[in-house]
Amino acid sequence: MAFLLNKAAVFSRFRSQSRQLEDQPFVQRRGYHVELGAREKALLEEDPALKRFKSHKKGVRRIRRIGDVLTIVVVAGSCYEIYVRAVMREEARKQATSASKE
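No experiment lies behind these values; they were computed from the predicted model shown.

1. Re the overall build of the chain
Scanning the chain for helices and strands turns up three helices and zero strands. Its helices and strands taken in sequence order, the chain reads α-α-α from the N to the C terminus. Carbon together with sulfur atoms contributes 59% to the accessible area of the chain, which is approximately 10,500 Å² in total.

Listed below in structure tokens is the structure:
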């Protein structure tokens, strides 16, 4: 019962806060398009000093792709090793139980 009272108090608090925000006309909400200022446009422009650090070159893409392939190969090999060891252990158990019964 106390949980329901606390929950109702929380919801009423959120409602009162949202009403306060609706009463204030200067609060911006999503959906309004605001044109960027000169500073924001300057910050979004491409910086020639940073151009050499970009990783869009073909060599970087090739190295990244090789790294991705090697990662997949290593993960697949590890999964295969785990599977083989589990199967070998299970076969060894079966042989041990069949040898002990005889």
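So, next bit.
2. Here we look at a positive patch on the surface
On the surface, K58, R61, R62, R64 and R65 cluster together into a patch of positive charge. Structurally, R61 can be placed in helix α3 (residues 58–101).

3. Considerations on the pattern of salt bridges
Throughout the structure, instances matching the rule amount to one salt bridge. Of the charged contacts, one joins E90 and R93 as a salt bridge, the two residues approaching to 3.8 Å between their closest N and O atoms. You can see E90 and its partner R93 sitting in helix α3, three residues apart, about one turn around the helix. On the accessibility criterion, E90 (38% relative accessible area) is partly exposed.

4. Things to note about the confidence of the model for the chain
Put simply, the chain has an average pLDDT of 79, and 65% of its residues get 70 or more. The least confident element of the chain is helix α1 (residues 2–23), whose mean pLDDT is 59; the most confident is α3, at 93.

Calculation notes
- Residues numbered from 1 in each chain as written.
- Predicted model: local features only at pLDDT ≥ 70, side-chain atom pairs only at ≥ 80, totals over all residues.
- Heavy atoms only, no water.
- Helix = DSSP H or I, 4+ residues; strand = E, 2+ residues; numbered from the N terminus.
- Areas by Shrake-Rupley, 256 points an atom, 1.4 Å probe, with all protein chains shown as cover.
- Patch = residues over 30% accessible without salt bridge, like charges linked within 9 Å, V, L, I, M, F, W, Y side chains within 5 Å.
- Salt bridge = Lys/Arg side-chain N within 4 Å of Asp/Glu carboxyl O.
- Lys, Arg positive; Asp, Glu negative; His and termini not counted.
- Charge placed at Lys NZ, Arg CZ, Asp CG, Glu CD.
- Buried < 20%, exposed > 50% of the residue type's maximum accessible area, 1.4 Å probe, protein only.
- pLDDT = per-residue confidence, 0-100.

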